[in-house]
Amino acid sequence: MPKFYLTTAIDYSNGDPHLGHALEKVGADCIARYRRLRGDQVHFLMGMDEHSQSVLQAAARAGVPPQEWVDRMASRFAEFWARLECSHDDWIRTTEPRHFRSVTELLRRIQRLHPDDLYVSEYEGLYCTGCEEFKQESQIVNGRCIEHPTLELIPTRERNHFFRLSRYGDRILDLITTGTLRVEPAIRRNEVVRLLESGLQDISVSRLRQPWGIPFPGDPEQTVYVWFDALINYLSATGFPDPGYDLLWPADLHVIGKGITRFHCVIWPAMLLAAELELPRQVWAHGYVQWEGTKMSKTAGTAVTLDEAIERHGPDALRYFLLREVGFEADGNFSWERFDERYTADLADGFGNLASRTLAMLAKYRDGIVPSSSAVTSLDTVGATALADYLQTMDALDLRGGIEAAWTIVSAANLFVQQSAPWSLAKSGKDRELDEVLTALARALCRLAVMASPFLPGKAQALWNDLGMEGKVSATNWNPAERPRVDGRQTRRASILFPKPASV
Ligand SMILES: [Zn+2]
């Protein structure tokens, strides 16, 4: 089994998770679940970034020590990710000893292998506490950070350790343009390429007398800069520097938001090159969830609670809506109105209705047992095409394309029921035709349960079991030309997968 090491960005512990965090985690989880179905040995990492200044501020506001604050936040985040059915294999926190050890070792390794790459200098600049970085002129609009227009930039001057980032621009540009380090989607790759072509400045990698963080090796007055610290989490979780860390490393995919491509596609690869370690294979930078046209974030001051969004129609429906309507590539809008529309049309009337009417007909006409029919119907042809499209789009991380491909089965199958009118076939005693129709519908549902499972893990599993299939949803055969074997399965009348709420 090929290994697939997948990570998400680790989140600041300065407030509750919101829809923006949820989009990223749900998208990465969808990829992890898909790769597992494909047979990969997936290792899926999520976690918390706990050393930022905003953590100190939030802890001070709450009147608790920072460690207590980050413990509290970590359990808040973990609770939300459990509710959203995230299937991560590991959960890293940057306050853990395993992370301290990796950060210290990585810096020592750079000091040993490329001593010129780290030097001490004076820094003066405008610091954004939202990004936790000094902003360059191109990143400032109207005196404010582009990402955080509600926050004041803080003029800062101090002695710091610097990393000679400027040395690595050409090599990274070459690695990205040759596809050795894949940066996607293309719009993000082009941004990174333009940034690299314009030349890189060295960056400060420590802060003076910061009370919260990892001491800089060899200079305890200095604390490792939070971003430098945070990026190393992906390596810490592999057990670096212990032998065997390279069973997981390099990461096959870093999933991040589009606002942090500079860190992941420029600074992180440069750090790894300086430490003579392998680079990640791919970075995917998704867009933002927008609410009334503004980026959803804690620091930008907009909020719809994640709790409300999960409560509205359940976790599977939220996952579906985020990945289908908001999308995992460009920015997308979230609105209650659109969420309710999608819920009713796609899930309650589409997927849910198809499942319940099919299972009801199987119960009524065949005692719940899927008949045996080898006839190839028009619905089987649609299913084969849908699966081929699904595999192609999902392999390319086009999650919206994948769910759209699966949904061609939903609409084709609901149409197939109307056109073949099983109730008339039953009335006129056309048993062979009725068997053909019911078997084709059961096959379509089986295919759909598998294809939908990365998106709607809970509901797909319920459907799988209602179809009389054992264990967890699994795909033993991905060949689109081969039809799922459902003959003879004892189905049961389903619970309603997506009930229509009175308010919709
Ligand atoms: Zn900022």
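In the block above lies the structure referred to throughout.
Basis of the calculations
Residues numbered from 1 in each chain as written. Predicted model: local features only at pLDDT ≥ 70, side-chain atom pairs only at ≥ 80, totals over all residues. Heavy atoms only, no water. Core = buried A, V, L, I, M, F, W, Y, C linked by side-chain atoms within 4.5 Å. Buried < 20%, exposed > 50% of the residue type's maximum accessible area, 1.4 Å probe, protein only. Helix = DSSP H or I, 4+ residues; strand = E, 2+ residues; numbered from the N terminus. Contact = heavy atoms within 4.5 Å. Donors = N, O, S within 2.8 Å, 3.2 Å for Na, K, Ca; no water. Tetrahedral: all angles 85-135°; square planar, octahedral: opposite > 155°, others 65-115°. Expected span 1.5 Å × (residues − 1). Phe/Tyr/Trp six-rings, centres within 6.5 Å; stacked < 30°, edge-to-face > 60°.

**Thoughts on the nonpolar core**
Phase 1 of the analysis: Core analysis: the biggest nonpolar cluster contains 106 residues, and Trp 81, Leu 318, Phe 334 and Tyr 390 have the highest contact counts within it.
Phase 2 of the analysis: Sort the elements by how many residues they give to this core and helix α16 (residues 431-452) lands first, with 14 residues.
Phase 3 of the analysis: Once you skip the residues sitting within four places of it in the chain, Phe 334 turns out to touch Leu 19, Val 289, Gln 290, Trp 291, Ala 309, Leu 318, Phe 321, Leu 322, Val 326 and Phe 339.
Phase 4 of the analysis: Counting residues in each nonpolar core, the second largest holds 65 residues, with Ile 92, Tyr 123, Phe 134 and Val 283 among its members.

**Things to note about the environment of Tyr 123**
Phase 1 of the analysis: Positionally, Tyr 123 belongs in strand β5 (residues 118-128).
Phase 2 of the analysis: Note: C-alpha distance between Tyr 123 and Arg 159 (36 residues apart in sequence) is 6.0 Å.
Phase 3 of the analysis: Those residues within four positions of Tyr 123 in sequence are excluded, and the remaining contacts are Phe 134, Thr 156, Arg 157, Glu 158, Asn 160, Phe 162 and Ser 204.

**What about the coordination of the zinc ion?**
Phase 1 of the analysis: Taken together, Cys 128 (SG), Cys 131 (SG), Cys 145 (SG) and His 148 (ND1) make up the protein donors of the zinc ion, found 2.2 to 2.3 Å from the metal.
Phase 2 of the analysis: Classification of the site at the zinc ion as tetrahedral follows from its four donor atoms and the range of 100 to 120° in their angles at the metal.
Phase 3 of the analysis: The sequence pattern formed by the donor residues of the zinc ion is C-x2-C-x13-C-x2-H. With Cys 131 in the loop between β5 and β6 (133-135) and Cys 145 in strand β8 (residues 144-145), this pair connects stretches of sequence that are 14 residues apart. In this pair, the class of Cys 131 matches that of Cys 145, namely buried.

**Focus on helix α1 (residues 19-37)**
Phase 1 of the analysis: When the terminal C-alpha atoms of α1 are compared, their 26 Å separation across 19 residues agrees well with the 27 Å that a helix rising 1.5 Å per residue should span.
Phase 2 of the analysis: Positive phi shows up at Gly 39, right after α1, with a value of about 100°.

**Description of the packing of aromatic side chains**
Phase 1 of the analysis: All chains considered together, the criterion is met by 23 aromatic pairs.
Phase 2 of the analysis: Ring geometry for Tyr 320 against Trp 407: centres 4.9 Å apart, planes inclined by 45°, an arrangement best described as tilted. With Tyr 320 in helix α11 (residues 315-326) and Trp 407 in helix α14 (residues 399-420), this residue pair connects regions lying 87 residues apart in the sequence. No difference in accessibility class separates Tyr 320 from Trp 407, as the two residues are buried.
Phase 3 of the analysis: Centroid distance Phe 351 to Trp 407: 5.4 Å. Interplanar angle 20°. Geometry classified as stacked. On the criterion of sequence distance, the pair formed by Phe 351 in helix α12 (residues 336-366) and Trp 407 in helix α14 is long-range, its members being 56 residues apart. Take Phe 351 and Trp 407: they sit in the same class, and that class is buried.

**Observations concerning unusual backbone geometry**
Phase 1 of the analysis: Between Glu 184 and the following residue, Pro 185, the backbone shows a cis peptide bond with an omega angle of 0°.
Phase 2 of the analysis: The residue after Phe 240, namely Pro 241, is reached through a cis peptide bond having omega 5°.
Phase 3 of the analysis: Looking at the element boundaries, Pro 241 is found in the loop between α8 (233-236) and β15 (253-257).
Phase 4 of the analysis: Phi at Glu 132 is positive, roughly 60°, even though this residue is not glycine.
Phase 5 of the analysis: Turning to its location among the elements, Glu 132 is positioned in the loop between β5 and β6.
Phase 6 of the analysis: You can call Glu 132 buried: its relative accessible area is 0%.

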